[in-house]
Amino acid sequence: MPPRVSAYEMVSVRSALEAILERARPLGRETVGLTQARGRVLAEDIHADDDLPGLPRSSVDGYAVIAADDATTVDVLEEVTAGRLAQAQVRKGTAVRIMTGGTLPDGADAVVMVEDVDEQDGHAVLQHRPRSGENVHPPGMDLQRGQLVLSAGNVIGAAEVGLLATVGCTDVPVFRRPRVAVLATGDELVEPHAAPPPGSVRDSNRFALIAAAQEAGAEVVWQAHARDEEGALTEAMRRGLQAADVLLTSGGVSMGTRDLIKPILERMASVHFGRVSFKPGKPLTFATTAEGKLAFGLPGFPVSSLITFEVFVRPALRKLGGAAKVMRPRIEVALAHDVRPDPVRPEYQRANVTWQGGRFQARTTGLQSSSRLMSIVGANALLELEPGSQTLPAGTMVQALLLANL
Ligand code: AMP
Ligand code: MG
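The following refers to the structure shown. (Residues numbered from 1 in each chain as written. Chains lettered and ligands numbered in written order. Predicted model: local features only at pLDDT ≥ 70, side-chain atom pairs only at ≥ 80, totals over all residues. Heavy atoms only, no water.)

**Concerning the sheet that holds strand β5 (residues 73–80)**
Consider a sheet: its strands pair through backbone hydrogen bonds, and that pairing is either parallel or antiparallel.
Argument step 1. The mixed open sheet is built from six strands, whose spatial order is β7-β4-β6-β5-β9-β8. Of all the strands in the sheet, just β7 (110–113) and β8 (117–120) have a single pairing partner and so form its edges. Sheet twist, expressed as the mean angle between neighbouring strand axes with direction ignored, is 40°.
Argument step 2. Here four bridges tie β8 to strand β9 (residues 123–126), and the two strands are oriented antiparallel to one another. (Pairing = 2+ DSSP bridges. Helix = DSSP H or I, 4+ residues; strand = E, 2+ residues; numbered from the N terminus. Axes fitted to C-alpha atoms, helices over the stretch in contact; angles between N-to-C directions.)

Following this line, the structure appears as structure tokens:
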């Protein structure tokens, strides 16, 4: 008979996260090209290499003139388009026709929009006298040489790629992505393409965890399924840890006779905790090897496995990958209906949050069973419910982790 009481102390969500994050350090860096940079984490501060614009530039199509000139009819000397410099110098009584983005000719200090000018036979009649600087972008308006434009730890998106290109940073310094190994365990598992015989289930955790790790910015370098047999499990876990920075196992961390992951981890690594006051996923286990690799024993039930990933593994992967922000944003939401919390453990219920009546409203995704993946599909938030014996009435404000767009 297995023991009825776990040997592991029950730790809080906060101390579990602290134990994980203090052992997750950025892994190293590499450089990538601009078209490969999206989604990566910048490893160095980036500064502007020059002023932008470098010279005063017209922000409209029009006529470059001297603001202090009082002439309303001026001679048009030439035309400048973006990328070409004017030959002529603008003096009183003259103007240069200029296109958007064109560099202001010498002498000129303002541009009159084409809509306010009638040009005929080389003469332009200005219906409006501009002030100095009107419709002109001065040098350094967008960027100043030496200015910090992006900080290490920023996640690179479209605007960041644009800025990197603007300042000529083509070998983009990024943190190396964490390498992850995923091992599904369980005698009852069959491959997803197979029809499960009675008593078996398709292995969904392996694929869900691979996707979750990829979404978190990691590279999945190794994956396998092992039976609940000590030799096979030990061998598979060794291989996974050899191939990767982080090993994720699913299943085999509860109190059953076939739950072998914890004792194996005890032999090949230091186990920092083996139980968390958390629902769904109390038996979550975390260990590190002598080389500093991380191993997470995630529970087998599909929801427990993904939600413990979300709350505990994802921050670790973000931190290993150098991201400055590792946690999901937290918001306050109003319950759209009564919700019953767990009496003893903080519970992370899956919900759909929408903006309604001037506030965020959360509707849970139906039955919150740890086996029911349908409770995660369509959820954009995790409600963080404190334990309690009272039902929380509709309208109660609770905290939520925001998982996706609202
Ligand atoms: P365990 O934590 O190993 O006792 O697993 C608990 C339950 O989770 C099992 O009885 C299965 O129903 C389910 N389960 C475990 N591993 C997987 C998996 N890889 N994919 C889908 N379901 C799983
Ligand atoms: Mg199992």
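**Concerning the nonpolar core**
Argument step 1. Core analysis: the largest hydrophobic core is formed by 39 residues, its most contacted members being F273, V276, F296, F309, F312 and L317.
Argument step 2. Looking at this core, the elements with two or more residues in it are α1 (13–21), β13 (179–185), α3 (205–215), β17 (246–250), β20 (294–298) and α6 (302–320).
Argument step 3. Among the elements that line this core, the one with the most residues is α6, at 10 residues.
Argument step 4. What F309 contacts, discounting residues up to four positions off in sequence, is L209, A212, A213, A216, L248, L298, R314, P315 and L317.
Argument step 5. L260, I261, L265 and A287 belong to the second-largest nonpolar core, a separate cluster that totals 22 residues. (Core = buried A, V, L, I, M, F, W, Y, C linked by side-chain atoms within 4.5 Å. Buried < 20%, exposed > 50% of the residue type's maximum accessible area, 1.4 Å probe, protein only. Contact = heavy atoms within 4.5 Å.)

**Observations regarding the pattern of salt bridges**
Argument step 1. Tallying each qualifying case throughout the model produces 17 salt bridges.
Argument step 2. R176 is the partner of D245 in a salt bridge, and the nearest nitrogen-oxygen pair spans 3.2 Å. One end of the pair, D245, is in the loop between α4 (230–243) and β17; the other, R176, is in the loop between β12 (172–175) and β13, and 69 residues separate them in sequence.
Argument step 3. Accessibility expressed as a relative area gives 11% for D245, which makes it buried.
Argument step 4. Here R176 falls in the buried class, since its relative accessible area comes to 16%.
Argument step 5. Residue R328 pairs with E310 through a salt bridge whose shortest N-O separation is 2.8 Å. Of this pair, R328 sits in the loop between α6 and β21 (330–335) while E310 sits in helix α6, and the two are 18 residues apart along the sequence. (Salt bridge = Lys/Arg side-chain N within 4 Å of Asp/Glu carboxyl O.)

**Notes on the layout of surface pockets**
Argument step 1. Looking at the largest pocket, its volume works out to about 650 Å³.
Argument step 2. The wall of the largest pocket is formed by 36 residues, among which G251, S254, P299, G300 and F301 lie closest to the centre.
Argument step 3. Mapped by element, the contributors of at least two residues to the lining of the largest pocket are β15 (201–202) and α6.
Argument step 4. Its residues placed into classes, the lining of the largest pocket shows nine nonpolar, 15 polar and 12 charged.
Argument step 5. Reported here for the second largest pocket is a volume of approximately 400 Å³.
Argument step 6. Taken together, 17 residues form the lining of the second largest pocket, with A212, E215, L306, E310 and I376 sitting closest to its centre. (1 Å grid on protein atoms, 1.4 Å probe; cavity = no way out; pocket = protein on both sides within 12 Å on 5 of 7 lines; lining within 4 Å. Points joined across faces, edges and corners; volume = space filled by probe spheres on them. Nonpolar A, V, L, I, M, F, W, Y, C, P; charged D, E, K, R; others polar.)

**Quick look at the site of ligand 1**
Argument step 1. Contacts to ligand 1 come from 16 residues, most closely from E188, D203, S204, G252 and G300.
Argument step 2. The contact in question runs from a nitrogen atom of ligand 1 to an N or O atom on the backbone of G300, over 3.1 Å.
Argument step 3. F301 places a main-chain nitrogen or oxygen 3.3 Å from an oxygen atom of ligand 1.
Argument step 4. Here ligand 1 has 480 Å² of accessible area as a free molecule, and 79% of this is covered by the chains.
Argument step 5. Residue classes in the shell around ligand 1 are distributed as four nonpolar, eight polar and four charged. (Near = heavy atom within 4 Å. Polar contact = N/O pair within 3.5 Å; in protein donor to acceptor, adjacent residues only side chain to side chain. Areas by Shrake-Rupley, 256 points an atom, 1.4 Å probe, with all protein chains shown as cover.)

**Some details on unusual backbone geometry**
Argument step 1. In this chain, L52 is followed by P53 through a cis amide linkage whose omega measures -10°.
Argument step 2. For P53, the location among the structural elements is in the loop between β2 (46–47) and β3 (57–58).
Argument step 3. Despite not being glycine, N135 shows a phi value in the positive range, around 60°.
Argument step 4. Along the chain, N135 falls in the loop between β9 and β10 (136–137).

**Description of the pairing of strand β24 (residues 381–385)**
Argument step 1. With five of five residues buried, β24 lies mostly within the body of the structure.
Argument step 2. Neither face of β24 is open: one carries A381, L383 and L385, the other L382 and E384, and all of them are buried.
Argument step 3. Relative to strand β25 (residues 397–402), β24 runs antiparallel, the two sharing four bridges. The partner of L382 across the bridge, within β25, is L401.

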